[in-house]
Amino acid sequence: MRKVTTLEEAVTRVQDGMTVMVGGFLGVGTPHGLTEAIAAKGIQDLTLICNDTARPDLGVGKWVVNRQVKRAIVSHVGTNPETGRQMIAGEMQVDLTPQGTLAERIRAGGSGLGGILTPTGVGTAVEEGKQKLTVAGKEYLLELPLRADVALVYAAKADKAGNLVFRRSARNFNAPMAMAAECVIAEVGEIVEVGEIDPDEVMVPGIVVDWLVLGKGV
Amino acid sequence: MRKVTTLEEAVTRVQDGMTVMVGGFLGVGTPHGLTEAIAAKGIQDLTLICNDTARPDLGVGKWVVNRQVKRAIVSHVGTNPETGRQMIAGEMQVDLTPQGTLAERIRAGGSGLGGILTPTGVGTAVEEGKQKLTVAGKEYLLELPLRADVALVYAAKADKAGNLVFRRSARNFNAPMAMAAECVIAEVGEIVEVGEIDPDEVMVPGIVVDWLVLGKGV
Amino acid sequence: MALSSKEIIAKRVALEMKDGDIVNLGIGLPTLVPDFLPADVRVTLHSENGFVGLGPLQEVDADLVNAGGQPAGIIPGAAMFDSLKSFELVRGGHLDVTVLGGLQVDEQGNLANYMVPGKMVPGMGGAMDLVVGAKKVVVAMEHTAKDGGAKILKQCTLPLTGKGVVSVIVTELALIRMTQDGLVLEELAPGVTLEEVQAKTEASLIISNGLKTMPGFE
Amino acid sequence: MALSSKEIIAKRVALEMKDGDIVNLGIGLPTLVPDFLPADVRVTLHSENGFVGLGPLQEVDADLVNAGGQPAGIIPGAAMFDSLKSFELVRGGHLDVTVLGGLQVDEQGNLANYMVPGKMVPGMGGAMDLVVGAKKVVVAMEHTAKDGGAKILKQCTLPLTGKGVVSVIVTELALIRMTQDGLVLEELAPGVTLEEVQAKTEASLIISNGLKTMPGFE
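The present account deals with the structure reproduced in this document. (Residues numbered from 1 in each chain as written. Chains lettered and ligands numbered in written order. Predicted model: local features only at pLDDT ≥ 70, side-chain atom pairs only at ≥ 80, totals over all residues. Heavy atoms only, no water.)

Overview of the packing of helix α5 (residues 99-111) of chain B against helix α2 (residues 83-91) of chain D
- For the pair α5(B) and α2(D), interaxial distance at closest approach is 7 Å and the crossing angle is 60°. As summarised for this structure, α5(B) and α2(D) are arranged oblique, according to the angle between their axes. Touching R107(B), G110(B) and S111(B) of α5(B) are L84(D), E88(D) and R91(D), all from α2(D). (Axes fitted to C-alpha atoms, helices over the stretch in contact; angles between N-to-C directions. Helix = DSSP H or I, 4+ residues; strand = E, 2+ residues; numbered from the N terminus. Parallel < 35°, antiparallel > 145°, perpendicular 65-115°, else oblique. Contact = heavy atoms within 4.5 Å.)

Here is the structure:
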């Protein structure tokens, strides 16, 4: 199974109207080669699942400025005023989701769970439209799985089998997102031969990664 | 916070009637120094949470033979005929739990979730007494968190801050169990100075580990 | 030289794999399957105790065993993980095929293989997760019980491992595939008659229009 | 030299920490707290973007930022992880203290700090998880809004970040602790009168019998 491909070829997997997960935290650990290419192609009507919308000139922040995003499921938009503007103006749907809940929903999507019960958001606007369950006398929200058509992740290193190794705080959402999409494209800083990564150091097993692109990241 | 201690001192944390999680899969990755010491002390009325009951002469299997376990929450007992005998004779309560569900319940306990919805066990005896929920037209069982008074885990290496590194298939339940107990005791093959383990290679952060014991493992 | 019953089953099961598949093999008979894979079909083996990339034993490593607790090897490109990640892969639909033994299978695609009340109580281990999570569930078993009694029934009488989960049953006599219409007899082992299969099967079988001899035994 | 309002708050918040605590500090004012820790109190800082062991910046590493996206350092013994594990630690009760800013706090211990409808929409980021998960929730904020209006209210009017989650409020004027009886005024900043605090607070305050000047400012 050949996984290494070009940026151009990989980006053809992302099409108008798709749901796309993008790794990164304020742009750190974002696959910038991929996000730039998608900005340049002007792919439309995307549902974006990401921790945040970065900054107007950075990562998925550019997609927002380009009006490529119809809906964003994110935990924080404070660093990109354009997201806030479009949200208040009703031009883009923004589902503000607690960061831990966002991570759990992605994990549930990638691991076949029907949902998880979290205490996070009980008694807040996050409750709206959600089922509440009481377990051992404590209230929880039932949060449902998230999956995507494509996940775009960044890793410091991969072997040709797709095994990923992240570095420092660039790991963030990349690990769970790589489990939760029909097609997983990893932009990586370095591609090594199969066998060069110790199996104990693999952070995402290559069996879930479809395509590898050599990129610059961060 | 000094964490390195002796086997004798560490074992005093385990007392009659406690719920104890023990890492390992058929004895591989089990903290054998700790399990031996508990067998020798004859601590009684334990609720054991473990993947399996190993063999009659191995790991927690000895506890079963010694009749130290009043209840076992495990996925498999086929390698220890004494467990099956006590179960059928009604001498020990055995809660057979699907392996993935066991892992998820431990994770829920360690991560503050009120439960998780899993498709595993729907339509089987595992359903009994559990709430069933339908999400997007599919049935799931609500599985509840598991926590323990003490978790006994094995790692190949630790630094003095308690950061753990596992090796090969000895990782298994050790990682999730280290998150889910009031007191976590890690038996480790090697203890190194703080700073000697690259932060990216840490598999369980030391902040959740209370005590470190130099042991033999496996 | 004539193949044994187990070899016939393993050889036919091998043909259910596609190149690139991620496969979990149960303990016992299923572990014979790799010996019979066609030269152009390479699969990656998942071992539910915590890795992908199971391979032939090369040297004994106390930290590295298969899901049966036996010393195991890994291939280049293997990835190790904990029990959580292992079952995230299982339940999350990341495995293409799982092959397990069976005590009983029935017309509804139900499988019973983890206990006989009051007698044999091995426990389900990872089987309940595997049967709900893998894309294809292959039951590899001898056609009848040791006493000659049918194992392919109208309705299972033993506690179920999974409800409506079976994709295909391979025995030393026949290949029977689960379809929306019910169990379809598609293939007979060399020298086996339709009458023999029907006599040894309690379940109603739909006889495929294309009923043929198992391929690969010419 | 006189301390600024922010420094007064940070200095008093520092006294809420115990040696060995695991602490998460919000963006802005809370990040000043470590500068004021007593010499015998060492805490480990959790950064919700994916690590414990946040420390002073030493050299800029593009892969290593704090939860505000700014270049950060790590101390020896640090451990990196993904966003899942980060919030497992948060929700699972593994943090002793979280310090956050506030827009409003009320008599029920409710906190609002993530949005002003129609105006400011930064989003909750990790705050909703932090306030339900940390053992002690410290709100560190200026006592009144820029327009002089009260922020400590009978009832919050802005969307809540958490319901009944606040442990203690520290402002440049006072320290107010949440108890079962309601908000208790325990300390006044040097030179601040009870009347001034009550005039600038809408919520009913119970005056502690032991009302005193904030320690550490003698």
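Overview of the environment of V153(B)
Residue and element names in this part refer to chain B.
- Within the secondary structure, V153 sits in strand β8 (residues 148-155).
- Residue classification places V153 among the buried residues on the basis of a relative accessible area of 0%.
- As for V153 and Q15, which are separated by 138 residues in sequence, their C-alpha atoms are 17 Å apart. (Buried < 20%, exposed > 50% of the residue type's maximum accessible area, 1.4 Å probe, protein only.)

Side note on the side chain of R171(A)
- Here R171(A) lies in the loop between β11 (164-165) and α6 (174-177).
- Although buried, R171(A) forms no salt bridge, and the nearest oppositely charged side chain, D200(B), lies 4.2 Å from it. (Lys, Arg positive; Asp, Glu negative; His and termini not counted. Salt bridge = Lys/Arg side-chain N within 4 Å of Asp/Glu carboxyl O.)

What about the interface of chain B and chain A?
- Counting residues at the interface gives 25 residues for chain B and 25 residues for chain A.
- Between chain B and chain A lies a buried interface of about 1900 Å² when both sides are counted; carbon and sulfur atoms form 49% of it.
- Ranking the residues of chain B by area buried against chain A places L117(B), R168(B) and D200(B) at the top, with a combined share of 28%.
- Viewed at the interface, chain A and chain B are joined by 6 salt bridges.
- Put simply, D200(B) and R168(A) hold a salt bridge, and the shortest N to O gap is 3.1 Å.
- For the interface between chain B and chain A, the tally reads 12 residue pairs in polar contact (both at pLDDT 80 or more).
- With 4 residues, strand β5 (residues 115-118) of chain B is the single largest residue contributor to the side of chain B that touches chain A.
- Looking at side-chain class alone, the side of chain B that touches chain A contains 12 nonpolar, 5 polar and 8 charged residues.
- Across 3 bridges, strand β6 (residues 115-118) of chain A lies against β5(B) in antiparallel orientation. If you follow I116(A) over to β5(B), its bridge partner there is I116(B). (Buried area = accessible area lost by both parts, 1.4 Å probe. Polar contact = N/O pair within 3.5 Å; in protein donor to acceptor, adjacent residues only side chain to side chain. Nonpolar A, V, L, I, M, F, W, Y, C, P; charged D, E, K, R; others polar. Pairing = 2+ DSSP bridges.)

What to know about unusual backbone geometry
All names here are of chain A.
- Even without glycine at this site, L26 takes up a positive phi of about 50°.
- Within the secondary structure layout, L26 lies in the loop between β2 (19-22) and α2 (32-41).
- Relative accessible area serves as the criterion here: at 16%, L26 is assigned to the buried category.
- Its identity is not glycine, yet A136 carries a phi of approximately 50°, on the positive side.
- Relative to the helices and strands, A136 resides in the loop between β7 (132-135) and β8 (138-143).

What to know about the interface of chain B and chain C
- Each side of the interface is counted separately: chain B has 38 residues, and chain C has 38 residues.
- For the pairing of chain B and chain C, the buried interface totals around 3000 Å² over both sides, and the portion due to carbon and sulfur atoms is 64%.
- Summed over the shared surface of chain B and chain C, the number is 3 salt bridges.
- D61(C) serves as the salt-bridge partner of R167(B), at 2.6 Å between the closest nitrogen and oxygen.
- Put simply, chain B and chain C have 17 residue pairs in polar contact (both at pLDDT 80 or more) between them.
- Residue assignment for the side of chain B that touches chain C shows that the elements contributing at least two residues are α4 (81-88), α5 and α6 (174-177) of chain B.
- Looking at the side of chain B that touches chain C residue by residue, the class counts come to 18 nonpolar, 15 polar and 5 charged.

A few points about the packing of aromatic side chains
- Within the structure shown, the criterion is met by 0 aromatic pairs over all chains.
- The cationic tip of K11(D) hangs over the ring face of F217(D); the distance from NZ or CZ to the ring centre is 4.9 Å. (Phe/Tyr/Trp six-rings, centres within 6.5 Å; stacked < 30°, edge-to-face > 60°. Lys NZ or Arg CZ within 6 Å of the ring centre and 35° of its normal.)

Brief notes about the relation of the copies chain B and chain A
- Each copy of the sequence occupies a distinct position, and chain B is placed on chain A by a rotation of 180° and an axial shift of 0.0 Å, giving an RMSD of 0.0 Å. Such a combination of rotation and displacement between the chain copies is what one expects of a two-fold axis. Ranked by how close their C-alpha atoms come to the rotation axis, the residues of chain B are headed by I116(B), at 2.2 Å.
- The overlap is high: 100% of the interface residues of chain B also sit at the interface in chain A, so the same surface is used on both sides. (Least-squares fit on C-alpha atoms with pLDDT ≥ 70 in both.)

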